[in-house]
Amino acid sequence: MIKYQSTDINYYGHQPGKNIENREQKPRLTPRADAARELYFEAKSSASMEFPYWYTRRWEELEGEIPIIRRAEALKTGFEHLTPVIYPGELLAMGKASYLRGSYPMPWLSEAFFMASEDKLYREAQESGKLTADTFTTMGKGGGNVTKSVGKVISIAGKFGVRVEEMPILLEVAKKWKDKSVDDVGHKYEQKVPDYKEKEALMRSVICMFDSGYTLPQGREVINYYYPLQFGIDGITRNCEEGMAEVAGYPDMDRLYFYQAVIIMLQGLKKWIGNHAEEARFMASLEQEEKQKAEYLELAERLNWLSSNPPRSFHDALQMIWIFHVAVLNEDAISGLSPGRLGQVLYPYWQRDIKKGLITREKTMELLEFMRIKFTELDCFASMGVVGGVLSGNTFNNLCIGGLLKDGTSAANELEMLILEAGITCDTPQPTLSLLYDEKLPEEFLLKGIECTKIGTGYPAWINNRVAMEFLQENYGHEGMNLEEARAWSIGGCLETSPGSWMPLELDGEIHWIPGGSAPATSVGVHFLSLPKLLEVAIFDGMDMRTGQRVFPSHGYRLETYNELWQAFKDYFSRACHVLTLTNNIQHDAWRKISPSLVNSMLKPDCLARGKDIGQMGSRYNSTFNIESCGTANLVNALASLKQNVYTNGIYSLADYRKAILANFGYKTAQETGSYSLVDQVPTEDYHSWKKIHRLSLDAPKFGNDDPFVDEIMKSWETWFCEMTHNYRSLYDQPMYACQISVSTHGPMGAVALAGADGRLSGTTFSDGSVSAYPGTDRNGPYALFNSATCWNHARSQNSQLNMKIHPSVVKGREGSRKFLELIRAYLRKGGFHVQFNIVDSRMLRQAQADPDKYRSLLVRVAGFTQYWVELGKQIQDEVIARTEYEEL
């Protein structure tokens, strides 16, 4: 257990012992998957202009066409012209682009970044020839991130490389979408909102992280593979033709256009799959080695079959779900498209093939490992603020295991055990795993989950199945959600509770009820409000003192009592929610009109039955807009400090705190020191003038220690927040709900915040998650942290997030595994929704930070996702290092 040693700032964060403790050893992955992962390590995130060029060209040709038909034709043309690539040895084919880590910009969503950067990008393209190829090797420190322009490659968004010869195409295509993109059209009309100037001020101050309507309009949801598995592409086409015959000429003609659009889009998918089949045959014609030649031909036959028909085997089914997963990702900028409970979806195929001797467990492991490699190859093209500041380069493909079947019995099966085993042998960031914990799950299954967590992957995250079902029935009950349907849920994205449905898969004359997503994106709305920054603005009466600009009008309170401060904060938070909800609704309305979803809509029940895409509420459940927060523990700790030091004990006035905050308590800022945690900050010559107030701020009660003084503040915040979100209505006229995840936003949002009354210094990273303690402040052990974290009802929110770091020595061996499982059970039985772990020695992380080339495969858990250490920004790295490291359970 961490012992609190001093009020000195250098004792915040973990203080390591003498020797580095390694994680438990894991079995090796199969040679085929090992070779594929090495190929991934050598690859760079690369952007291609193929899809956007052909999409835009076809779009322009169809001026005046019905918008959804125009969209379908553009998608069809984009898919048809993607260059097929087949890599030797791969068991699952196809990807987003022709590059291994390929992606592409979507200027129909937003072209503003390219237009604003046009001169810079042109200049770099012209000057790139002056740079030597040797410089390219320095990018290895960012893993696969292309962090700067070198040689014939131009860096975009600090992550993606674009070939210099493609840059003129990118800029020319971007120009064609000026004033026509979702971003531009949405911006044009959001300015009609009366308080729009406040929205702009919120974005400039980074109180709000980003708009969701044109950045990531889809994702944070669970895909549904049922229709292609049951009917195949030709079967879905026939269903759409039948639908057209029923509705043509009748009222609600949009249904006719939707069915026609789906048919057009499917034609593009058939050609895309067929092109890869042809490429596999071509590769076979060149191959001299007989085994590889046979594999190419087998792959070609499989792809050719699946371009029309439903799968015949487990391998077919796995390839089919991969095809449609990538197809959805290619229609929009998407992060967090989760495969859901894939082991339960595919179990009927696997169980049958095992019984018939058509597949072995060894071959299954090879396929599952290769599936992990393919998911890890996925990239999401977005701006630097989104791809770095929010996603940390992650795509959040969350695969869930466990939970309950339709009849309420345990859903764990042998295939899910193998999925866990593949997560151990092939430890890659994607797909991340979440274990839906229920008391009905068998002990053997839970211990396998513990085994996976112990090796340091950061997954599976442990999720409370019952808390999630309670939230779903409360939030979607008015749309027909009942207990049986609630059992079909999964995690969408990193930690978003997402509704699902049971679908009747018929296989060999037997019906198998498989779960799949049945709602659109469950995390669109007000994206990440900085709670500490809002408190800061309330303290300074509506001003952002970092920029010197006013965010809100004066709140009119003298702030002479704690209740006045609390009310001022709530007033400003409510104002932010109001204007951001209205502008966000306009952006999403522009998205559904300009860029309606077709692939994802076709997959989601009940879009095909209703003849409506997800933007027209075709899905079974549509109450999916939320309000997201960041920096909860810092808000609560700052309020506790002010309540104690100003309003209860009267040691300092609020005016004293304003001066101390502006002086950063006598320390240099994080930007000056280059360190983003509270550890290693550097005092100025003026430090002694502020030493006492800073010490009292650090010594004030901190969340995570089972202290009623601060926990009551947390409970008051959560009770108010989870209730007030229902006052706001989404684009679909549905009540919104609370979402409490940080992803990576606690880094950049902390970077623009001044010092806090809790003692946090200017520019340092906020606390992660929503019920995680601020690093170094949880001094009374894990069970005290659990008591604090569960001081409110987690079923009132879409999620809550608890991250913990445990020293590897604590969980070693079988005894360590059982102690670890009992720790997790204790928290979930108290009503906690989520807990996840880093099993790592902090000194290893410091070594990896100093010498990243030696730690290319090192994985850590951030906030709802696992990522390669070398691909994380320093803000997040410093915060993970500083987290409290438990050495006793």
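Residues numbered from 1 in each chain as written. Predicted model: local features only at pLDDT ≥ 70, side-chain atom pairs only at ≥ 80, totals over all residues. Heavy atoms only, no water.

1. Remarks on the overall build of the chain
Then, number 1: For the chain, the helix and strand inventory stands at 33 helices and 23 strands.
Then, number 2: Whereas a compact globule of 889 residues would reach a radius of gyration of roughly 29 Å, the chain reaches 26 Å, a difference of no more than 12%.
Then, number 3: Once the C-alpha set of the chain is aligned to its principal axes, its extents read approximately 80 × 65 × 65 Å.
Then, number 4: Relative to its 889 residues, the chain shows a buried fraction of 67%.
Then, number 5: In the structure as shown, the chain presents an accessible area of about 29400 Å², 50% of it carried by carbon and sulfur atoms.
Then, number 6: Computed over 96 positive and 111 negative side-chain charges, the separation of the two mean positions in the chain equals 2 Å. (Helix = DSSP H or I, 4+ residues; strand = E, 2+ residues; numbered from the N terminus. Rg over C-alpha atoms; globule rule 2.2 N^0.38 Å. Buried < 20%, exposed > 50% of the residue type's maximum accessible area, 1.4 Å probe, protein only. Areas by Shrake-Rupley, 256 points an atom, 1.4 Å probe, with all protein chains shown as cover. Lys, Arg positive; Asp, Glu negative; His and termini not counted. Charge placed at Lys NZ, Arg CZ, Asp CG, Glu CD.)

2. A closer look at the sheet that holds strand 7 (residues 398-402)
Then, number 1: Strand order in this open sheet of 6 strands is 7-8-9-20-19-23, and the pairing throughout is mixed. In this open sheet, the two strands that pair with only one neighbour each are strand 7 and strand 23 (885-886).
Then, number 2: Here strand 19 (residues 803-806) runs beside strand 20 (residues 834-839); their pairing, made up of 4 bridges, is parallel. Looking at strand 20, one finds that Met804 is bridged to Phe837.
Then, number 3: Packed on one face of the sheet, helix 31 (residues 813-829) meets strand 8 (432-437), strand 9 (461-464), strand 19 and strand 20 and runs near 155° to strand 20. (Pairing = 2+ DSSP bridges. Contact = heavy atoms within 4.5 Å. Axes fitted to C-alpha atoms, helices over the stretch in contact; angles between N-to-C directions.)

3. Examining the pattern of salt bridges
Then, number 1: Tallied over the entire structure, the rule returns 50 salt bridges.
Then, number 2: When the shortest N-O distance is used, the salt bridge between Arg312 and Glu301 registers 2.9 Å. With a gap of 11 residues between them, Arg312 in the loop between helix 11 (290-306) and helix 12 (314-329) and Glu301 in helix 11 connect regions that are remote in the sequence.
Then, number 3: The exposure class assigned to Arg312 is partly exposed, which follows from its relative accessible area of 33%.
Then, number 4: Among the salt bridges present, the one from Asp680 reaches Arg846, with a minimum N-O distance of 3.9 Å. (Salt bridge = Lys/Arg side-chain N within 4 Å of Asp/Glu carboxyl O.)

4. Considering the packing of helix 20 (residues 531-539) against helix 21 (residues 562-594)
Then, number 1: Relative to each other, helix 20 and helix 21 sit at 120°, their axes nearing to 9 Å. Seen from above, helix 20 lies across helix 21 with right-handed handedness. Between helix 20 and helix 21, the residues in contact are Leu531, Leu534, Leu535, Val537, Ala538 and Ile539 and Leu565, Ala568, Phe569, Tyr572 and Phe573, respectively.
Then, number 2: Residue composition of the contact of helix 20 with helix 21, by class: 11 nonpolar, no polar and no charged. (Left-handed = near helix turned anticlockwise from the far one by under 90°. Nonpolar A, V, L, I, M, F, W, Y, C, P; charged D, E, K, R; others polar.)

5. A few points about helix 17 (residues 443-457)
Then, number 1: When the terminal C-alpha atoms of helix 17 are compared, their 21 Å separation across 15 residues agrees well with the 21 Å that a helix rising 1.5 Å per residue should span.
Then, number 2: With 12 of 15 residues buried, helix 17 lies mostly within the body of the structure. (Expected span 1.5 Å × (residues − 1).)

6. Structural notes on the pairing of strand 13 (residues 510-517)
Then, number 1: Examined bridge by bridge, strand 12 (residues 500-507) and strand 13 share 8 bridges and lie antiparallel to one another. When the bridges of strand 13 are listed, Trp502 appears paired with Pro515.

7. Considering the environment of Asn309
Then, number 1: The topology assignment puts Asn309 in the loop between helix 11 and helix 12.
Then, number 2: Sequence separation of Asn309 and Ile233 is 76 residues, and the distance between their C-alpha atoms is 6.1 Å.
Then, number 3: Residues within four places of Asn309 in sequence aside, it is in contact with Gly232 and Met320.

8. Observations regarding the nonpolar core
Then, number 1: Counting 282 residues, the largest nonpolar core has Trp272, Trp462, Leu529, Phe573 and Phe837 as its most contacted members.
Then, number 2: Among all residues touching Leu529, those that are not within four sequence positions of it are Ile207, Cys208, Leu534, Phe573, Ala576, Cys577, Leu580, Ile627, Glu628, Ser629, Cys630 and Met749.
Then, number 3: Listed in part, the 7 residues of the second largest apolar core include Tyr40, Leu859, Tyr868 and Val870. (Core = buried A, V, L, I, M, F, W, Y, C linked by side-chain atoms within 4.5 Å.)

9. Things to note about the sheet that holds strand 18 (residues 737-739)
Then, number 1: Strand order in the open sheet formed by 3 strands is 14-17-18, and the pairing between neighbours is parallel. Only two strands of the sheet have a single partner each, and these edge strands are strand 14 (524-530) and strand 18. Each strand of the sheet is rotated relative to its neighbour by a mean of 25°, with strand direction disregarded.
Then, number 2: Pairing between strand 14 and strand 17 (residues 625-630): 5 bridges, direction parallel. Bridge pairing in strand 17 links Val524 to Phe625.

Functional significance is not addressed by these values, which are geometric in nature.
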